There are 2 protein chains.
Amino acid sequence: MSIKRKTKSLNAILSVFEQREEALSVVDLVDEFKDDMNKTTVYRILERLENEGVIHSFTGSKGLMWYAKCQTCTTHHHHDVHPHFECKDCGKVECLELEIEIPQINNRHIDSASIMLQGQCADCIKK
Amino acid sequence: MSIKRKTKSLNAILSVFEQREEALSVVDLVDEFKDDMNKTTVYRILERLENEGVIHSFTGSKGLMWYAKCQTCTTHHHHDVHPHFECKDCGKVECLELEIEIPQINNRHIDSASIMLQGQCADCIKK
DNA sequence: AAATTAACGCAACTTAGTTGCAAAAATAAT
DNA sequence: ATTATTTTTGCAACTAAGTTGCGTTAATTT
Ligand SMILES: [Mn+2]
Ligand SMILES: [Mn+2]
Ligand SMILES: [Zn+2]
Ligand SMILES: [Zn+2]
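Residues numbered from 1 in each chain as written. Chains lettered and ligands numbered in written order. Predicted model: local features only at pLDDT ≥ 70, side-chain atom pairs only at ≥ 80, totals over all residues. Heavy atoms only, no water.

Enquirer: Residue-level account of helix α3 (residues 39-51) of chain A, with values.
Expert: All names here are of chain A. Taking 1.5 Å per residue, 13 residues should reach 18 Å; α3 reaches 19 Å between its end C-alpha atoms and fits that length. Taken together, the buried positions of α3 are occupied by Val42, Ile45, Leu46, Leu49 and Glu50. For α3, the buried positions fall inside an angular range of 135° around the axis, keeping them on one side. Among the structural elements, α1 (8-19), α2 (26-32), β2 (55-59) and β3 (65-69) are those in contact with the buried residues of α3. Gly53 occupies a position one or two residues after α3 and carries a positive phi of about 80°. (Helix = DSSP H or I, 4+ residues; strand = E, 2+ residues; numbered from the N terminus. Expected span 1.5 Å × (residues − 1). Buried < 20%, exposed > 50% of the residue type's maximum accessible area, 1.4 Å probe, protein only. Arc of directions from axis to C-beta. Contact = heavy atoms within 4.5 Å.)

Enquirer: Residue-level account of the coordination of the manganese ion (ligand 2), with values.
Expert: All names here are of chain B. Surrounding the manganese ion (ligand 2) are the protein donor atoms His56 (NE2), His82 (NE2), His84 (NE2) and Cys95 (SG), which sit 2.0 to 2.2 Å from the metal. Read N to C, the donor residues that coordinate the manganese ion (ligand 2) are spaced as H-x25-H-x1-H-x10-C. With His56 in strand β2 (residues 55-59) and His82 in the loop between β3 (65-69) and β4 (84-87), the pair connects residues that are 26 residues apart, well separated along the chain. Take His56: its relative accessible area is 3%, and that puts it in the buried class. (Donors = N, O, S within 2.8 Å, 3.2 Å for Na, K, Ca; no water.)

Enquirer: Summarise the coordination of the zinc ion (ligand 4); cite the residues concerned and give the values.
Expert: Residues and elements named next belong to chain B. Around the zinc ion (ligand 4), the protein contributes the donor atoms Cys87 (SG), Cys90 (SG), Cys121 (SG) and Cys124 (SG), which lie 2.2 to 2.4 Å from the metal centre. For the zinc ion (ligand 4), the four donor atoms are set out with angles of 104 to 115° between them, so the coordination reads as tetrahedral. Read N to C, the donor residues that coordinate the zinc ion (ligand 4) are spaced as C-x2-C-x30-C-x2-C. Using a relative accessible area of 1% as the deciding quantity, one classes Cys121 as buried. (Tetrahedral: all angles 85-135°; square planar, octahedral: opposite > 155°, others 65-115°.)

Enquirer: Describe the packing of α1 of chain A against α3 of chain A, with residues and values.
Expert: Two quantities define a packed helix pair, namely the angle between the axes and the distance from one axis to the other. Residues and elements named next belong to chain A. Close contact between α1 and α3 brings their axes to 10 Å; oriented N to C, the two are set at 65°. Taken as axis vectors, α1 and α3 run roughly perpendicular relative to one another. The chirality of how α1 crosses α3 is right-handed. Contact residues: Ser9, Leu10, Ile13, Leu14 and Phe17 in α1; Thr41, Val42, Ile45, Leu46, Arg48 and Leu49 in α3. In the contact of α1 with α3, the residues fall into eight nonpolar, two polar and one charged. (Axes fitted to C-alpha atoms, helices over the stretch in contact; angles between N-to-C directions. Parallel < 35°, antiparallel > 145°, perpendicular 65-115°, else oblique. Left-handed = near helix turned anticlockwise from the far one by under 90°. Nonpolar A, V, L, I, M, F, W, Y, C, P; charged D, E, K, R; others polar.)

Enquirer: I'd like a rundown of the protein's contact with DNA strand C, residues and numbers included.
Expert: Among the 21 residues in the neighbourhood of DNA strand C, the closest are listed as Arg5, Thr7, Thr41, Arg44 and Arg48 of chain B. Backbone sugar and phosphate groups make up 61% of those atoms of DNA strand C lying within 4 Å of the protein. Here a base nitrogen of DNA strand C and a side-chain polar atom of Arg5 of chain A are 3.3 Å apart. At a separation of 2.5 Å, a phosphate oxygen of DNA strand C approaches a polar side-chain atom of Arg48 of chain B. Looking at the surface near DNA strand C, the elements that each hand over two or more residues are α2 and α3 of chain A together with α3 (39-51) of chain B. A total of five residues in the surface near DNA strand C trace back to one element, the largest contributor, which is α3 of chain B. (Near = heavy atom within 4 Å. Polar contact = N/O pair within 3.5 Å; in protein donor to acceptor, adjacent residues only side chain to side chain.)

Enquirer: Kindly report on the sheet that holds β2 of chain B, identifying the contributing residues and their values.
Expert: Residue and element names in this part refer to chain B. What the three strands build is an open sheet, ordered β1-β3-β2; its pairing is antiparallel. The strands lining the two open edges of the sheet, one partner per strand, are β1 (24-25) and β2. Two strands pair when backbone bridges link them, and β2 and β3 are joined in this way by five bridges, in the antiparallel orientation. In the sheet register, Phe58 faces β3, and the bridge partner there is Trp66. Here helix α1 (residues 8-19) sits on the sheet and contacts β1, β2 and β3; the angle it forms with β3, its principal contact strand, is near 70°. (Pairing = 2+ DSSP bridges.)

Here's what the structure looks like:
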C-alpha cells in the first residue's frame, strides 16, 4: 500500500525524520506521539513511508524496529544495505553511509547483510 | 548466576547444541521441549549456559533470540564476535567462523559488531 | 534424616507488534 | 453543495516473545 493522502499525522512523523539525522525506534516514536495519534497509526504511517522509499527499517540490537530516512531510495527500490551504528552509552542509532564488502562464503549465496556496529559515539567519547 | 547443578533438563538442552551445528532460536527450543519442561526453564537454562561460555546468543533478523554453541569461550569471556548467516529459504541460521574486519569510523569508537548475512544455504541452492 | 540451596512449574505480567471493524476525514462524483 | 467513494484513523482485542514472583520439588550438604 502506498501513500494516497499526506495527512497531518503523516506529515508530523515525516518532519521528525527530516529534522534529525539519527534513526528512531518505533517505540520512541509511539511515545513521542502518544498524545497526538494512536500507536497503530504510527506503525501504519511508517509502513507507508517505507513502501514509498522515504524511510527504511532495520532491527536494532534489542530486536526493536528502527527507522531512518533514506538517501537515494524510491518506491519499491530500497538500496540501503548500509551498516548502522549504535552508541552503547546514549543509545543513539545512526546510518553509516559506508560500503562494507560482503564476503562470499563457500557454497552459499549471500545477497544481503545486516550490519550493526556498536561502540561510543562522538559526543559520548568526550564525556 | 552460574551452573550449580547439571540437571536432566539442562543436559537435554545441552545435547541439542552438541548434536547439531546450526544455531537454534529460543522459540524453536521452547517448542521442541514443550512436553518436557516449562518455557521459563528453557530461558533460564539458556541464560546459565551462556554465562558459562557454553553457548552464545544473538538477535536474528526478525528480532528473535538465537543461541549457538561457542567454540573457544569460557565463563564471562565470550569472544564470538563472528558473523552469522541466515538462509532465506529454509530459515537455517549458522555461525560463520570468519573474520570480518570492523572498520573504524571517524570520531567514533567501535568495539563490537553484529553481522547477519542473508541468502541461500548450500542445501537450498541445489533445489 | 534434617537443613540448605538450586532448579523448576505455574500463573500472571510486560512489551512490541498486529488485526478487524467501525468512525472520521479527505477526495471525487454528481 | 450534496452525496458517494475511498483512505485514514482510533479503539479494543489479540498474538507472541520474554520476564518475574513465589511456592514446590529436587539435589546437595551437614
Ligand atoms: Mn540506515
Ligand atoms: Mn555464533
Ligand atoms: Zn552516544
Ligand atoms: Zn537453506
